[in-house]
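What follows is the residue order along each chain.
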Amino acid sequence: MYAVLINFLQMMNSSNAYSKEHIRFAMLTFFLAQGLCFSTWASRIPDIKAIFTDDPLLWGWILFMIPVGKFVAIPLAGYLVSKLGSRIMVQVSVLGYAAALLSIGVVSHVYVLGACLFCFGVFWNLCDISLNTQGISIERLFGRTIMATFHGCWSLAACLGALTGFLMILVDVPPTWHFVMVAAVIVLIVLFGRKYLQNDAPVASSVPADAAEKKAPPALWSFVRRPELLLIQLGIVSLFALIVESAMFDWSGLYFESVIHAPRSLQIGFLVFMVMMTVGRFLTNYAYGKLGKQRVLQLAGLLIFAGFFASALPGSLPASMTAKVVMISSGFMLVGLGISCMVPTVYSFVGAKSKIPVGMALTILSSISFIGSLVAPPLIGAISKAFNMQYAYIVVGLLGLCILLMTTFCRVFRTK
C-alpha cells in the first residue's frame, strides 16, 4: 500500500520540462507560502497569549514546543527528503504547515495548544529542509547564487503576513478566521505551483547489487558522528542567528506591550522588523558583490548587536510614548537588516563548500543550530519574569558580537 501511494504521488507530480524562470517563480511561491504561514502565526502571538495565559515563563514553555517539534523533525526530514525527494516533501510539508496553523486557531486548552505548536514545529522544519534542498538544486540549475532571492520572497511574504495581521487586529478579526483564510491561500499555491517543482527522488539503478553497495554513499549517521568542521562552524553561527530570530519572531509583538505598555495600534514591532528583514534579503546579493560574503556577515553581527541595545534603551527613558515607539522600532529595524542575510548566506556556504550531499549537510546543520530555537523561548521567558524583557533582549544582543567574532576569525567564512 505504501509503495502504491508513493508511486501515485510521483506519477501525479511528473511533468514536462519547464523554463528555468517558470521553475524559479514556482519556487518563490512556495517560499512565499511558508513565510505567509509563519508570519500569520507570529502576528497573532499577543492575541493567542492573551487567550491562554499572562505568565511569561509559562508562555515561554508553551513556545518551547515549537523547537521541540523542529528537533524531532530533524532526522525525519533528512530521511523523508532522501527517500521521497524534495519535490513531494515540499508539497506535503507546506500543506501540513498550513494545517498546523489552522489547528492553532481552533483549540481551547493551553496543553492542546502546546501539542499544536509541536506539530507546527515539525512541519516548519520539514518545510525548511525540503524547500532549501529544492532551492539549492535550482540554484545549481542557474549556475549562480539565487538562494537569497528565495529567502527574500519568504521575507516579503512574512512582511505581508505581518501587515495583514496588524490590520486584522485593528478590525478585531479573530485569529481563527484569519488562519482559515491564510490556509486556503496556501492550498491554492500548492495546487498551482507543484507541477514546476524538480523531481530529485532517487531512481532505480541497473548496477548490480554488490557494485551498488560498494558505491553507495555513507549513511547519515556516519556524517553526524564526524561532521565536517565547516558544518560545525556554520551550525554555531546559525545557532546564534536562530536565537536572534526567535527573540524577534516570538517576542517582538509582546515587547511593546510589556516594556512600554503601548496600545495595540502602536504595537508595530514585528511589522517593522519584517519590513527591514525583507529589504535586507533583497539587497543581499548586491551586498555580496560590493563587500563579499564574509564582510556581509560581519556587518550583520554588528547591526544585530546595535539593534538590540537600541531597542532596550528607551524603556528606562523619561520620553513620550511616541518617542519610545520610534526608538524601539529603529532598533528592531537594525536587527531585521542584520538578521536578513544570515540564513541564506549560511546555506550558500553549505552549497558551495560542503563535500557531502546537500540534504544531509542541511540536516546536520539543523541538528546543530536547532539548539538556538530550543534555548531561546525558556531563556527569554525566564529572564523576562525575573527582570523584564529589556534585559532578555540585551542578552540576545550580545550574540551579535559572537557572530561578528566567529565570522572574522573562522577560516570557513573567508571567500578569498
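Conventions adopted
Residues numbered from 1 in each chain as written. Predicted model: local features only at pLDDT ≥ 70, side-chain atom pairs only at ≥ 80, totals over all residues. Heavy atoms only, no water. Disulfide = S-S within 2.5 Å. Buried < 20%, exposed > 50% of the residue type's maximum accessible area, 1.4 Å probe, protein only. Helix = DSSP H or I, 4+ residues; strand = E, 2+ residues; numbered from the N terminus. Contact = heavy atoms within 4.5 Å. Expected span 1.5 Å × (residues − 1). Arc of directions from axis to C-beta. Core = buried A, V, L, I, M, F, W, Y, C linked by side-chain atoms within 4.5 Å. Salt bridge = Lys/Arg side-chain N within 4 Å of Asp/Glu carboxyl O. Axes fitted to C-alpha atoms, helices over the stretch in contact; angles between N-to-C directions. Parallel < 35°, antiparallel > 145°, perpendicular 65-115°, else oblique. Left-handed = near helix turned anticlockwise from the far one by under 90°. Nonpolar A, V, L, I, M, F, W, Y, C, P; charged D, E, K, R; others polar.

A.B. asks: An account of the state of the cysteines is needed here, citing residue identities and associated values.
C.D. replies: Tallying each qualifying case throughout the model produces zero disulfides. You can see Cys127 has no disulfide; the closest cysteine sulfur is in Cys37, sitting 7.4 Å from it. On the basis of relative accessible area, Cys127 is assigned to the buried category, the value being 0%.

A.B. asks: Could you give me a rundown of the side chain of Ser369, with the residues and numbers involved?
C.D. replies: In this fold, Ser369 is placed in helix H17 (residues 358-386). With a relative accessible area of 6%, Ser369 lands in the buried category. Setting aside anything within four residues of it in sequence, one finds Ser369 in contact with Gly235, Ser238, Leu239 and Leu242.

A.B. asks: With reference to specific residues and values, describe helix H9 (residues 175-193).
C.D. replies: Residues that lie three or four places apart on an α-helix share one face, since the helix turns once every 3.6 residues. For H9, with 19 residues, the first-to-last C-alpha span of 27 Å sits near the 27 Å given by 1.5 Å per residue. By the burial criterion, the buried members of H9 are Pro175, His178, Phe179, Val182, Ala183, Ile186, Ile189, Val190 and Gly193. Angularly, the buried residues of H9 cover 130° about the axis, an arc narrow enough to put them on a single face. Pointing more than 90 degrees away from the buried face of H9 are the exposed residues Trp177, Leu191 and Phe192.

A.B. asks: Go over the nonpolar core with me, naming the residues and quoting the values.
C.D. replies: Core analysis: the biggest nonpolar cluster contains 128 residues, and Trp41, Trp59, Phe120 and Met274 have the highest contact counts within it. Sorting elements by how many residues they give to this core places helix H12 (residues 229-259) first, with 17 residues. Setting aside residues no more than four positions away along its own chain, Trp41 makes contact with Ile48, Trp59, Leu63, Ile66, Leu101, Ile104, Leu117, Phe120, Phe179 and Asp250.

A.B. asks: Which residues make up the pattern of salt bridges, and what values go with them?
C.D. replies: Oppositely charged side chains may form a pair once their charged atoms are brought near each other. Applying the stated criterion across every chain, the model contains two salt bridges. The closest approach of N and O atoms between Asp47 and Arg44, which form a salt bridge, is 2.9 Å. Residue classification places Arg44 among the buried positions, given a relative accessible area of 2%. Between Lys385 and Asp55 there is a salt bridge; the shortest N-O distance is 3.5 Å. With Lys385 in helix H17 and Asp55 in the loop between helix H3 (45-52) and helix H4 (56-63), this residue pair connects regions lying 330 residues apart in the sequence. Relative accessible area serves as the criterion here: at 26%, Asp55 is assigned to the partly exposed category.

A.B. asks: Describe the packing of helix H2 (residues 20-43) against helix H7 (residues 110-142), listing the residues and the values that go with them.
C.D. replies: H7 packs onto H2 with a crossing angle of 160° between their chain directions and a minimal axis gap of 11 Å. Overall, the two elements H2 and H7 adopt an arrangement that is roughly antiparallel. For the crossing formed where H2 meets H7, the hand is left-handed. On H7, the residues that touch Lys20, Glu21, Ile23, Arg24, Met27, Phe30, Phe31, Gln34, Cys37, Phe38 and Trp41 of H2 are Leu117, Phe120, Trp124, Cys127, Asp128, Leu131, Asn132, Gln134, Gly135, Ile138, Leu141 and Phe142. Of the residues in the contact of H2 with H7, the class split is 15 nonpolar, four polar and four charged.

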